[in-house]
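Chain residues, written in single-letter form:
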Amino acid sequence: MVVGRYAPSPTGYMHYGNAAAALASWLDVRVRDGKWLLRIEDLDKERCRPEYVEALKEDLLWLGLEWDCSEPLFVQSERNHIYESALKQLEDQGQTYHCFCTRAQLSAIASAPQEGEGGEVGRRYRANPCEHIACSQFFQMQQEGKRSSIRLKLPDIEDEFTDLHFGVQKASLRESIGSDPVLRRSDGMWAYQLAVSVDDALQGVNIVTRGVDLMTSAHVQRYIIRSLGYEVPQYAHIPLLMGLDGMRLAKRNGGNGQYTIRYAREVEHISPGQFIARVLGIMGVILPVVDSLSLDEALDCWGRHAFTCGDAVSIVK
Ligand SMILES: [Zn+2]
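This structure is a prediction, so every number in the text was calculated from the model and none was measured.

S.K.: Explain the confidence of the model for the protein chain to me, using residue names and the numbers behind them.
M.R.: Residue-level pLDDT values for the protein chain average 87, and 89% of them are 70 or greater. The secondary-structure element of the protein chain with the lowest mean pLDDT is helix α4 (residues 103-111), recorded at 70, while helix α3 (residues 80-92) shows the highest, at 97. Here residues 114-122 is modelled with pLDDT under 50, and outside its nearest four sequence neighbours on either side it reaches four contacts, counting other chains as well.

In structure tokens:
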């Protein structure tokens, strides 16, 4: 059975970009008669708030997007022990190392020009000096009270997969992400790449639908999931919705009032059907644009859809 998920971070009210991801994921799953899960990605304790969890459930239900309740809601902040054991497995397999670099050191490594590159800063992989740290040095650092993050040692291999919406994606695993990903931060917080990979694997998610800004992460997540011995899901990325200023809609930037579902509901007084038609219209999935679309009609479009907007599009209401 197809299993998909919507995995928001409760850091603000849902905006058009979140709605597009939720709707696309729901459609990708329902068009295949699958199961749709909701997962709360609240590892960032400073930014996530319980009231936003309630608000996003309310917004999803307003859109008519009902998640499967036969399983308990996955809440990342309650899953410490699970990430702990996944990390231990990767450590036991020799796939990790402790990194003592500060943020400043890391950005210096990342921006250091490589020979023959003329100073160009790209996505080229930068080796981390801590990868080969000697045991004696490691214990000395620990005794000095220095805290380390734990990183995944990426091998120098190519990764290829077929994205359900964007077709064949091929990249050097290392260059796709630029540096070895952090699995656990030095302050103990679980990093996104580990948590999301473990959760997708354990929830049996086999279609991951989300914004195209996470395409490069898919290569890394595929590697983590394979390393843990689980089946790798299919990925289905969707175009990014941008504000009229050409900036990504990020909830934390604030000032997204007019781009939120709340605004559409309470200020513009539009119906769920009108909102759905708007979101699919922006992505170019429905042509010609219609005023309102039920979820059943959206499912029908989705069966024959193509994004005609490219990989990013500005929202014009
Ligand atoms: Zn380091």
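That shown, we press on.
S.K.: Go over the sheet that holds strand β4 (residues 96-99), please, and point to the residues and values.
M.R.: If you walk across this open sheet you meet the three strands as β4-β5-β8, and the pairing is antiparallel. In this open sheet, the two strands that pair with only one neighbour each are β4 and β8 (182-184). Across the sheet, the mean angle separating the axes of adjacent strands is 40° when strand polarity is ignored. As paired strands, strand β5 (residues 149-152) and β8 are joined by two bridges and run antiparallel to one another. Each residue of the ladder has a partner; that of Ile150, found in β8, is Arg184.

S.K.: Just give me the short version of the pairing of strand β2 (residues 35-40), but keep the residues and values in it.
M.R.: Of all six residues making up β2, six are buried, and the element is well covered by its neighbours. Of the two faces of β2, the one holding Lys35, Leu37 and Arg39 and the one holding Trp36, Leu38 and Ile40 are both buried throughout. Read as a crossover between parallel neighbours, the route from strand β1 (residues 3-6) over helix α1 (residues 16-30) to β2 is right-handed. Taken together, the two bridges between β2 and strand β3 (residues 74-75) define a ladder with parallel strand orientation. Bridge assignment links Arg39 to a residue of β3, and that residue is Phe74.

S.K.: How would you explain helix α7 (residues 192-202) if you had to name every residue and give the values?
M.R.: Think of an α-helix as turning once every 3.6 residues; residues three or four places apart then point the same way. Among the 11 residues of α7, eight are classified as buried, and the element is accordingly described as predominantly covered. The complete set of buried residues in α7 reads Leu194, Ala195, Val196, Ser197, Val198, Asp199, Asp200 and Ala201. In this structure, the buried side of α7 is in contact with β2, β3, α3, β8, β9 (207-211) and α8 (215-227). Residue Gly204 follows α7 closely and has a positive phi angle near 70°.

S.K.: A description of the environment of Val75 should follow, citing residues and the corresponding values.
M.R.: When you line up the elements, Val75 lands in strand β3. Every residue in contact with Val75, bar those within four places of it in the chain, is listed here: Ile40 and Asp42.

S.K.: Describe the packing of α7 against α8, with residues and values.
M.R.: It is at 9 Å that the axes of α7 and α8 come closest, and there the two elements cross at 60°. Relative to α8, α7 is oriented oblique. Crossing hand, α7 versus α8: right-handed. In this structure, α7 contributes Gln193, Leu194, Val196, Ser197, Asp200 and Ala201 to the contact, and α8 contributes Ser217, Val220, Gln221, Ile224 and Ile225. Partitioning the contact of α7 with α8 into residue classes produces six nonpolar, four polar and one charged.

S.K.: I'd like a rundown of the pairing of strand β7 (residues 167-172), residues and numbers included.
M.R.: Little of β7 sits out of view: just zero of its six residues are buried. Bridging between strand β6 (residues 158-163) and β7 involves six bridges; their strand directions are antiparallel. Looking at β7, one finds that Glu160 is bridged to Lys170. Between β6 and the antiparallel strand that follows it, β7, lie three residues.

Definitions and cut-offs
Residues numbered from 1 in each chain as written. Predicted model: local features only at pLDDT ≥ 70, side-chain atom pairs only at ≥ 80, totals over all residues. pLDDT = per-residue confidence, 0-100. Helix = DSSP H or I, 4+ residues; strand = E, 2+ residues; numbered from the N terminus. Contact = placed C-beta atoms within 7 Å. Pairing = 2+ DSSP bridges. Axes fitted to C-alpha atoms, helices over the stretch in contact; angles between N-to-C directions. Buried ≥ 20, exposed ≤ 12 C-beta atoms within 10 Å, placed from the backbone. Right-handed = clockwise from strand over helix to strand, strands pointing away. Parallel < 35°, antiparallel > 145°, perpendicular 65-115°, else oblique. Left-handed = near helix turned anticlockwise from the far one by under 90°. Nonpolar A, V, L, I, M, F, W, Y, C, P; charged D, E, K, R; others polar.

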